[in-house]
Amino acid sequence: MNPLRAIGSSVLGVSETVGGITLQMLRIFRAMIPPRFDRDETWLNLYKVGVKSYPIVIMTAIFTGAIMVIQSGGYVKQTGATGLLGWGAGYAVLAEIGPVLIGLMFSGRVGANNTAELGTMKVTEQIDALRALAIDPIHHLVVPRFVSMVLMLLLLTALGDLFALVGGALTSQFILEVDYRVFFQGVFESHLLDEYIIGLIKGTSFGASISVVSCYYGLSVSGGAAGVGRAVNNCVVTSAIGIFVWDYLITYLANNTQLLQ
Amino acid sequence: MSAAPENAKQFGEVVLRITGLVKWFGEVCVFDGLDFEMRAGEVVGLIGPGGVGKSVFVKLCCGLMEPDAGRIELLGYDLAAIPEQAKQKLRERVGLVFQNYALFDFMTVGDNVAFPMRQRGGFSDEEVVTKVQERLSEVDLPKVRHLMPGELSGGMKKRVGLARANINDPELIFFDDPTAGLDPVTSSKIFNLIRKTQAQRNSTCLVISHDIDRMRAACDRYVLLYQSRTHFAGTAEDALASKDEIVHEFFQRDKDVQHH
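These figures come from a predicted structure and were not determined experimentally.

1. Some thoughts on the overall build of chain A
Scanning chain A from terminus to terminus reveals 9 helices and 0 strands. Helices (α) and strands (β) of chain A occur, in sequence order from the N terminus, as α-α-α-α-α-α-α-α-α. Structurally, chain A occupies a C-alpha span of about 65 × 50 × 35 Å along its principal axes. Within chain A, buried positions represent 44% of all 261 residues. Of the contacts made within chain A by residues no fewer than 6 positions apart, 88% connect residues no fewer than 24 positions apart.

Here it is in structure tokens:
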């Protein structure tokens with residue numbers, strides 16, 4: 001293929017995706033004014049998205065906290081600055097690693113599942129059936145998923161932060177032999193509330209990004225089972241990119257505009 | 001027998017009028033200036049070779065797809081001139097039975113049939129359950145309410161689709177190949193059912209099928225789509241008397257096959 005044509009084709013593809021995702025986001029916001037939710041569908045999604053995700057989030061968080069402590073363990077042992085252990089692990093986990101890793105796990109589990117579900121409904125004409133029955137798929141399917149993912153990723157990030165600190169404290173106690181009270185003292189004395197809030201803002205933004213991206217790919221599936229597979233793959237990749245873009249923007253804003261100071 | 005909706009069209013009034021319909025999919029022209037008309041109380045059979053665009057035609061009529069040119073007037077409304085919300089309201093007066101069933105696989109059969117009614121609102125749970133049971137009994141499936149769609153045979157799924165399409169007493173119902181992949185006995189039952197429900201509710205029906213001989217149990221007249229246009233419109237007798245080679249091939253061959 002002509003290299004210029006290949007570049008042009010890629011640019012068009014990316015523009016189409018970005019445009020499609022933006023339109024999808026606008027459709028969701030428009031459908032939420034005035035706020036009208038399908039109650040049953042929202043409850044069902046809150047359960048599927050939140051309750052069923054917490055074991056995997058807790059596992060991820062515990063190991064994230066533990067890894068942060070192990071990484072800084074060598075330095076702490078060399079210098080004897082055990083008070084820094086809580087600060088280091090807490091700062092990294094609450095502001096950065098916690099929300100990002102939980103977001104990535106969430107996109108792999110919930111986002112991919114959502115795309116597969118909507119995509120299958122699309123190829124089996126269930127979405128057309130909804131429209132034929134005078135039901136707007138955005139109202140009935142997309143808005144409940146958006147609300148559930150935003151709310152649940154916020155709560156899961158808050159829960160994950162807690163378990164990451166527990167993981168860090170346990171590692172500190174049993175691997176580095178630094179008393180867990182010293183670890184928690186380091187966390188609390190470092191005044192990490194701002195980092196905690198920034199982490200929660202990131203979690204909420206990741207939830208919105210994953211829901212919009214997964215619904216976009218799910219509803220634009222074509223080409224049967226192979227199309228569903230492609231859509232799930234694209235959803236996971238785009239959601240991960242979305243997470244890093246949002247992470248960068250929020251970190252930049254928080255550090256350069258004194259957002260929370 | 002259920003009462004027809006208040007806004008039902010009078011018998012004989014035009015319920016669907018299509019003029020100059022044009023639809024392209026990339027480089028492929030599906031419709032090139034197609035004209036079509038259907039009146040209240042009629043049962044029209046839509047036939048044509050595979051891939052001529054019969055399912056696309058139904059989706060265009062319901063406003064699920066946009067034409068590239070031409071005018072579609074559904075129940076007196078020009079689909080291009082009304083906003084999506086008004087189209088949605090209009091679809092409450094229309095039923096559609098899909099070729100591939102399109103039942104919601106995460107709901108029970110009862111919930112599938114009840115779904116349009118629940119979404120419309122204004123009914124108590126008792127009323128919904130009673131009407132669902134009534135509709136399922138009409139299609140000879142009185143005991144499947146608690147089953148999942150995956151537990152049903154193809155013919156049963158078609159009949160559930162028919163019950164769902166009928167639950168809100170639509171004025172106009174589209175049947176997209178309701179007998180595809182079914183055995184002759186079940187096919188005949190489906191066509192008889194279409195005729196029966198149409199007679200009970202005085203609705204208007206458009207039936208897509210390749211099974212011309214069995215369609216005669218249900219249809220008043222036929223429209224043949226061929227090469228992106230309406231090639232023939234008339235009764236079975238008109239078709240059999242026609243000297244047109246294409247019409248003859250469709251109707252007479254089917255008849256010959258039946259005789260053999």
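2. Notes on the environment of B:Lys59
Residues and elements named next belong to chain B. Within the fold, Lys 59 resides in helix 1 (residues 54-61). Counting along the chain gives 39 residues from Lys 59 to Phe 98, while the straight-line C-alpha distance between them is 10.0 Å. When neighbours within four sequence positions are excluded, Lys 59 is seen to be in contact with Leu 64 and Met 65.

3. Notes on the nonpolar core
By size, the foremost hydrophobic cluster in this structure holds 131 residues, and its most contacted members are B:Leu46, B:Cys61, B:Leu96, B:Phe175 and B:Val207. Here this core takes 15 residues from helix 6 (residues 137-174) of chain A, the largest share from any one element.

4. Overview of the interface of chain B and chain A
Every contact between the two is made by 14 residues of chain B and, on the other side, 11 residues of chain A. Sorting the residues of the side of chain B that touches chain A by element identifies helix 2 (84-91) and helix 3 (109-120) of chain B as the ones contributing at least two each. Each residue belonging to the side of chain B that touches chain A can be placed in one class, and the counts come to 8 nonpolar, 3 polar and 3 charged.

5. Side note on helix 6 (residues 184-201) of chain B
Residues and elements named next belong to chain B. If you check helix 6, its first and last C-alpha atoms are 26 Å apart, about what 18 residues at 1.5 Å a residue would give, namely 26 Å. Among the residues of helix 6, Ser 187, Lys 189, Ile 190, Phe 191, Leu 193, Ile 194, Thr 197, Gln 198 and Arg 201 are the ones counted as buried. Taken together, the buried residues of helix 6 touch strand 3 (43-47), helix 4 (125-138), helix 5 (154-166), strand 7 (172-176), strand 8 (204-208) and helix 7 (212-215). After helix 6 finishes, the residue Asn 202 shows a positive phi value of roughly 55°.

6. Points about the sheet that holds strand 9 (residues 221-226) of chain B
Paired through backbone hydrogen bonds, the strands of a sheet run either parallel or antiparallel to each other. Residue and element names in this part refer to chain B. Overall, mixed pairing links the 6 strands, which are arranged 6-7-8-3-9-10 in an open sheet. Edge strands, defined here as strands with exactly one partner in the open sheet, are strand 6 (94-97) and strand 10 (229-234). If you compare each strand with its neighbour and ignore which way they point, the axes differ by 15° on average. With 5 bridges connecting them, strand 7 and strand 8 associate as parallel partners. Bridged to Phe 174 within strand 8 is Leu 206. Relative to the sheet, helix 1 contacts strand 3, strand 6, strand 7, strand 8 and strand 9, its axis offset from that of strand 7 by approximately 155°. Taken strand by strand, helix 5 contacts strand 6 and strand 7, and its axis lies near 170° from that of strand 6.

Cut-off values and rules
In this convention, every chain numbers its residues from 1, walking through the sequence in written order. Throughout, the order in which chains and ligands are written sets their labels, letters from A for the former and numbers from 1 for the latter. Selection of residues for local features in this predicted model requires a pLDDT of at least 70, selection of side-chain atom pairs for listing and counting requires 80 or more, and totals for whole chains, interfaces and linings are taken over all residues. By definition, any uninterrupted DSSP run of H or I lasting at least four residues is a helix, any uninterrupted run of E lasting at least two residues is a strand, and each is numbered from the N terminus. Whether a residue is buried, exposed or partly exposed follows from its count of other C-beta atoms within 10 Å of its own C-beta, namely 20 or more, 12 or fewer, or something in between, respectively; the C-beta atoms are built from the backbone. Contact between residues is assigned whenever the C-beta positions, reconstructed from backbone atoms, fall within 7 Å. Residues enter a nonpolar core if they are buried, belong to Ala, Val, Leu, Ile, Met, Phe, Trp, Tyr or Cys, and are joined to the set through C-beta atoms within 7 Å. Gly is placed with the polar residues, together with every amino acid not listed as nonpolar (Ala, Val, Leu, Ile, Met, Phe, Trp, Tyr, Cys and Pro) or charged (Asp, Glu, Lys and Arg). By this rule the span expected of a helix is its residue count minus one, scaled by 1.5 Å. Only when DSSP finds a minimum of two bridges between them are two strands counted as paired. The axes are straight lines fitted to the C-alpha atoms, using for helices just the contacting stretch, and the angles between their N-to-C directions are given from 0 to 180°.

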